[in-house]
Amino acid sequence: MKAGETNLFALFNGTRQFIIPIYQRNYRWELQNCEELWNDIVRATADPTRAGHFLGSIVYINNSRVSLIPDVPQFLVIDGQQRLTTISLFILALVRAIPMQDPNANAQRLISEFLLNEHYDGDLRNKLILTRVDQETYQALLNDRDLPRQASPRIVENFHFFEDRIRQSHLSPTALYDGIRRLFIVQIALDYDQDNPQRIFESLNSTGLDLSQTDQIRNFVLMDQDPREQRALYEDYWYPMELLFGKDNPEELFDRFMRDYLTVHRDGRIPKMGEVYREFKTYVRTQDESSVRDLVVDIHRFSKYFVRMACGKEEDPVIAAAFNDLNILKVDVAYPFLLQVYHDYRTGEITRDELVEVVRLVESYVFRRAVCGIPTNSMNKTFAALGKEIRRDDYIESVKAALFMLDSYRRFPDDAEFMREIERKDVYNSRICRYLLTKLENHGTKEPIAAANYTVEHIMPQNPGLSEAWQQELGDDWQQVHQTYLHTLGNLTLTGYNSELSDRPFAEKRDMEGGLGRSPLRLSAGLGDVSAWNEQEILLRAERLARLAARVWPAPDPERLVIPPPLPNPDHMRWTEERFMPVLEERAGTDAVEVARSILDWGVRHTTHIWWGEGKKDGSFAPIFNWKGESYYPVLVWTRGVLVIQFQWLQNRPPFNALEKRKELLDRLNAIPGIAIPEDSLIYRPALPLRAFLPAKIREEFFAVLDWVISEVKENV
């Protein structure tokens, strides 16, 4: 490595060429960066007595060992390409201004000193070669030709910025030219045989230069390759992949893809978004038998899968429709699993119909959970691990079985839970409302409607000041009926006549031109036969639509499901009492073990069964009480020495889905000496130390509260 200070004239002077390698990022400097460079140039120009102004550093490596023309020294720019490109744009703008503002100046000298190798043609003529995306635009500006159709926006914008600044400046182009000759940089020349460009690049990037993880991954993959292999890999695979991700936030989309790609290829382990590059390097270094070409080919293959799923680029209309419905639900966390399934489809392991069946199954799983209000924070791990449950000899049944057997907060809601919740849920104010109504309308038809042509209609109007006719329609408890059922499924439909229907009485809404009774939409079927709209009719319609919803978003049928024996997985063995208690004693002491054993004994006597967790490091158990197809587990005990009160989970189970019931449970717990759970915990899972329950009297009071929970379930469900 050789480092030294030099001015811009010395850097560019003579026959030479600086090449931005294909693995470098595209030109990104914004107007703010150009403004700073302009101010540096103005300061250097305005004060000739001032010492040269320092601009930063340029790091390059001599490319002569692969150059075909030894007369033109070629240098690959490792760092500083943004600065080098911006300086060239400024000089080009200065060249354009000279004939108009300073006819006596020599524009040709600027061109030969900074921009062109005059005695060469073709690619060797330029002193700066940019990446493919930017070079065509830069070349058009340099030759004063029409810009390409897909011009690089930053190149064009920043060139015009400098044109405007030069035109408006009180400084002449000649003076500005003298100013740039006083700008200094530090040039760092690397040696192929002695220096590691990748290591130096990463060292420079760690000091705060803003490179996206996309840039870092591309550099890591391509930098160490022979230049000919670099170009082949870039042209054949990497550049087409960049085009796939489009122009809107391509780095963010690529980072998401690489996280999902790594999740698929690392047995379900999910890297954090900010650590994708680091995890990618670790993954690559473990692939001893794979060449870089094999890796790039595989990344390119999976990137095509990803954009077909996530960006609406699937060409098969049936598959595209399935992906589109799933994406409306914003289920990015399912992509790692679906990437694997889509790969199996593309390689012929499953059919198109089987792929669609899996996608629709995922859609049902996600939608049912959304309707039932089950927290989503566990789904990324659920889907990341789901691929390991696939049996190649019984693909579809193994996926169904894996989803069906998920329990607790990961569960696939059954028909009873789903239908109950969708009947009473406020669906109008949820983001799934239009999706829900459109799917119900279009189910089973070959002539689906376009949702954009319709609006959501409240049969019973939203207006809180209901007319006297509506009050009579709803009966004496009209206010309660209005408050309870206004935004529920039974009171909603689709219409193209929303403004005409307005707040009219039900009979008018039903019978008028364009009215609900005359609607061709299947969602409004039967409304023409209803004489009055009241609580009974709303509930009857909600029940009918809930049954339809259970068919539109089906769950695996346990009567038909063939559950294969579990795959052996030593990393996810269920805990047992024999394994749990010694770990608990080691972490929390003998007092915690005494409390845990008493909770376990209570559970054996008073609940249906004891559930044991599968955590690698932390063990857990919960006494579970089953009642009328529902499972209840109000507490969870951990080897960390804590007992968790499951308010968050209970809020999805009657009668504790009512806030007042959870509040009563909180009050009963806080009545126990030494227990003080904050009131804002009613939607969370507060943890209490097991030692708080050490006195036998305290445990008796605690078990009395748990007995009350069971009795409330039996009396109210």
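Report on the accompanying structure. Remember, predicted model here, so these are calculated numbers, not experimental data.

### Remarks on the overall build of the protein
At step 1: Counting secondary structure elements, the protein contains 30 helices and 14 strands.
At step 2: Taking the principal axes of the C-alpha coordinates as reference, the protein spans close to 95 × 75 × 55 Å.
At step 3: A total of 717 residues make up the protein; the buried ones form 50% of that total.
At step 4: For the protein, the share of sequence-separated contacts (at least 6 apart) that also reach a separation of at least 24 residues comes to 69%.
At step 5: Carbon together with sulfur atoms contributes 47% to the accessible area of the protein, which is approximately 34300 Å² in total.
At step 6: In the protein, 87 side chains carry a positive charge and 106 a negative one; their mean positions are 2 Å apart.

### Examining the pattern of salt bridges
At step 1: Using the criterion set out here, one finds 45 salt bridges in the structure.
At step 2: Of the charged contacts in the structure, one is a salt bridge between Arg547 and Glu543, with a shortest N-O distance of 3.4 Å. Residue Arg547 and its partner Glu543 are both found in helix α25 (residues 535–552); the two are separated by 4 residues, about one turn of the helix.
At step 3: One network of salt bridges, with partners in common, ties together Arg28, Asp215, Arg218 and Glu242.

### Considering the nonpolar core
At step 1: By size, the foremost hydrophobic cluster in this structure holds 101 residues, and its most contacted members are Phe280, Phe337, Phe367 and Phe383.
At step 2: Ranked by residue count, the leading element in this core is helix α16 (residues 352–371), at 10 residues.
At step 3: Discounting chain neighbours no more than four positions away, the residues touching Phe337 are Val358, Val362, Phe383, Leu386, Gly387, Ile390 and Val399.
At step 4: Ranked by size, the runner-up nonpolar core spans 51 residues in total, among them Met581, Val583, Val637 and Leu688.

### Observations regarding helix α13 (residues 292–310)
At step 1: With 19 residues, α13 extends 26 Å from end C-alpha to end C-alpha; this agrees with the ideal 27 Å at 1.5 Å per step.
At step 2: For α13, the complete set of buried residues consists of Leu295, Val296, Asp298, Ile299, His300, Phe302, Ser303, Tyr305, Phe306, Val307, Arg308 and Met309.
At step 3: Check the buried side of α13 and you find it contacts α9 (213–222), α10 (227–244), α11 (250–265), α12 (276–285), α14 (317–328) and α15 (335–346).

### Notes on a positive patch on the surface
At step 1: Among the surface-exposed residues, Arg269, Lys388, Lys616 and Lys617 lie close enough to one another that they form a single positively charged patch.
At step 2: With respect to the secondary-structure elements, Arg269 resides in the loop between α11 and α12.
At step 3: On the basis of relative accessibility, which here comes to 51%, the residue Arg269 falls in the exposed class.

### Brief notes about the side chain of Gln81
At step 1: Mapped onto the elements, Gln81 comes out in helix α3 (residues 81–101).
At step 2: According to the relative accessible area criterion, Gln81 is buried, its value standing at 6%.
At step 3: Look past the residues within four positions of Gln81 in its chain and what remains in contact with it is Ile20, Gln24, Arg25 and Asn26.

### Brief notes about empty space enclosed by the protein
At step 1: Overall, the coordinates contain 2 cavities of 30 Å³ or more when judged by the stated rule.
At step 2: A volume near 60 Å³ is recorded for the largest cavity.
At step 3: Around the largest cavity sit Trp602, Thr607, Pro623, Phe625, Tyr632, Pro634, Leu706, Val709, Ile710 and Val713, which together line it.
At step 4: Looking at the lining of the largest cavity, the elements that each hand over two or more residues are β10 (620–627) and α30 (696–716).
At step 5: With 4 residues, the single largest contributor to the lining of the largest cavity is α30.
At step 6: Partitioning the lining of the largest cavity into residue classes produces 9 nonpolar, 1 polar and no charged.

Basis of the calculations
Residues numbered from 1 in each chain as written. Predicted model: local features only at pLDDT ≥ 70, side-chain atom pairs only at ≥ 80, totals over all residues. Heavy atoms only, no water. Helix = DSSP H or I, 4+ residues; strand = E, 2+ residues; numbered from the N terminus. Buried < 20%, exposed > 50% of the residue type's maximum accessible area, 1.4 Å probe, protein only. Contact = heavy atoms within 4.5 Å. Areas by Shrake-Rupley, 256 points an atom, 1.4 Å probe, with all protein chains shown as cover. Lys, Arg positive; Asp, Glu negative; His and termini not counted. Charge placed at Lys NZ, Arg CZ, Asp CG, Glu CD. Salt bridge = Lys/Arg side-chain N within 4 Å of Asp/Glu carboxyl O. Core = buried A, V, L, I, M, F, W, Y, C linked by side-chain atoms within 4.5 Å. Expected span 1.5 Å × (residues − 1). Patch = residues over 30% accessible without salt bridge, like charges linked within 9 Å, V, L, I, M, F, W, Y side chains within 5 Å. 1 Å grid on protein atoms, 1.4 Å probe; cavity = no way out; pocket = protein on both sides within 12 Å on 5 of 7 lines; lining within 4 Å. Points joined across faces, edges and corners; volume = space filled by probe spheres on them. Nonpolar A, V, L, I, M, F, W, Y, C, P; charged D, E, K, R; others polar.

Function cannot be inferred from these measures alone, as they are strictly geometric.
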